[in-house]
Amino acid sequence: MTSKRDYLLVAAIDFGTTFSGYAFSSKHDFVKDPTKASLRRWIDPISSMMHCKTSTCILFTEDQEVDKFGFEAEAKYLNLISDNNHNNWYFFKKFKMSLYEMQSEDQQLLIKDDNGKAMSALVVFSESLRYLKQSLLDEVKNQFINIELNEIKWVITVPAIWSDPAKAFMRRAAMKAGIDSEMLTIALEPEAAALYIKHIPVEKRVDESKEGVLQVFCPGTKYIIVDAGGGTIDSWKTVTLENSLKQLEETGEVRGSTKNIWILSNLSMVKM
């Protein structure tokens, strides 16, 4: 029997307000290059453009059965609208922020679709995660042989300002989508970005040959991560240690893509 620690693959889902996607990396690839990861390229059927993420939209039938997710959900819903057949369907978009003010794990949350019809938030979130999980597993099968579900470590990112009940809700939704809770980590979005940056050669230093080369941040370096997403903005001030990171300061608020310029223009005011 496979130990919970003996996973061969890490699968990460970025469940965003406006766009969502995923990436995965094998243990073998991580040892060789911690920044190497595979992801799916999504094609928008409306524009025919290719993207690293798909839109966070989900379409249910009038019987509340999942029909489409992402760009395909948007395209089909537009066709339903043009034929005036959309009224009995359930179309949800940008629903992630419904968790922002969640104060209790026992709260039975309902969210409204594009036409004001309500559905269980747990169903909407879990079915969205189920779609992303299955899409990821399909991509994994195209690249790896004999990877079992119990050999995959799952990561789902959430905003740093999410409450504990909101984080617990995402875990419940993931479990309902078929992800083993013992193989799941709920990670803060800016924290995940800070860990990734730690492995990227971004600092120019002089090596033994006296030439300037790009290397990873040396211990003691401080840097700021700004996660300017579609619904929230988080900033994460970090200092690198010998083999880890230490958080110095965290800020965040509900603003999103239309207000991103505000925090970028105020970065010069942050004391390092």
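Shown above is the structure to which this text applies.
Please read these numbers as outputs of a predicted model, since none were measured by experiment.

1. Things to note about the overall build of the protein chain
Then comes step 1: Scanning the protein chain from terminus to terminus reveals six helices and 18 strands.
Then comes step 2: In the protein chain, which comprises 272 residues, the share counted as buried stands at 38%.
Then comes step 3: Accessible area of the protein chain: about 15,100 Å², with a carbon and sulfur share of 50%.

2. Some words on the sheet that holds strand β9 (residues 90-93)
Then comes step 1: Reading across the sheet, the three strands line up as β8-β7-β9 and stay open at both edges, with antiparallel pairing between neighbours. For this open sheet the edge positions go to β8 (66-69) and β9, each flanked by a neighbour on one side alone. For this sheet, the mean angle separating the axes of adjacent strands, direction not counted, is 15°.
Then comes step 2: Sheet topology places strand β7 (residues 57-60) next to β9; four bridges connect them, and they run antiparallel. For L59, the partnering residue across the bridge sits in β9 and is F91.
Then comes step 3: On top of the sheet, helix α3 (residues 121-143) reaches β7, β8 and β9; it is set at about 110° to β7, its chief contact.

3. Details of empty space enclosed by the protein
Then comes step 1: Applying the stated rule across the entire model yields one cavity of 30 Å³ or more.
Then comes step 2: What lines the largest cavity is F24, S25, S26, D29, K36, A37, S38, Q143 and F144.
Then comes step 3: For the lining of the largest cavity, the element with the most residues is strand β2 (residues 19-26), which contributes three residues.
Then comes step 4: Considered class by class, the residues forming the lining of the largest cavity number three nonpolar, four polar and two charged.

4. Examining the layout of surface pockets
Sizing a probe to match a water molecule and rolling it over the atoms shows the empty space that remains.
Then comes step 1: What the largest pocket holds in volume is close to 1,600 Å³.
Then comes step 2: If you trace the largest pocket, you find 49 residues lining it, with A12, T157, A192, A193 and Y196 closest to the centre.
Then comes step 3: For the lining of the largest pocket, the elements supplying multiple residues, two or more each, are β1 (9-15), β2, α1 (27-32), β12 (152-158), β13 (184-188), α5 (189-197) and β16 (222-228).
Then comes step 4: A per-element tally of the lining of the largest pocket places β2 first, with seven residues.
Then comes step 5: Here the residues of the lining of the largest pocket are counted per class, giving 26 nonpolar, 14 polar and nine charged.

Conventions and cut-offs
- Residues numbered from 1 in each chain as written.
- Predicted model: local features only at pLDDT ≥ 70, side-chain atom pairs only at ≥ 80, totals over all residues.
- Heavy atoms only, no water.
- Helix = DSSP H or I, 4+ residues; strand = E, 2+ residues; numbered from the N terminus.
- Buried < 20%, exposed > 50% of the residue type's maximum accessible area, 1.4 Å probe, protein only.
- Areas by Shrake-Rupley, 256 points an atom, 1.4 Å probe, with all protein chains shown as cover.
- Pairing = 2+ DSSP bridges.
- Axes fitted to C-alpha atoms, helices over the stretch in contact; angles between N-to-C directions.
- Contact = heavy atoms within 4.5 Å.
- 1 Å grid on protein atoms, 1.4 Å probe; cavity = no way out; pocket = protein on both sides within 12 Å on 5 of 7 lines; lining within 4 Å.
- Points joined across faces, edges and corners; volume = space filled by probe spheres on them.
- Nonpolar A, V, L, I, M, F, W, Y, C, P; charged D, E, K, R; others polar.

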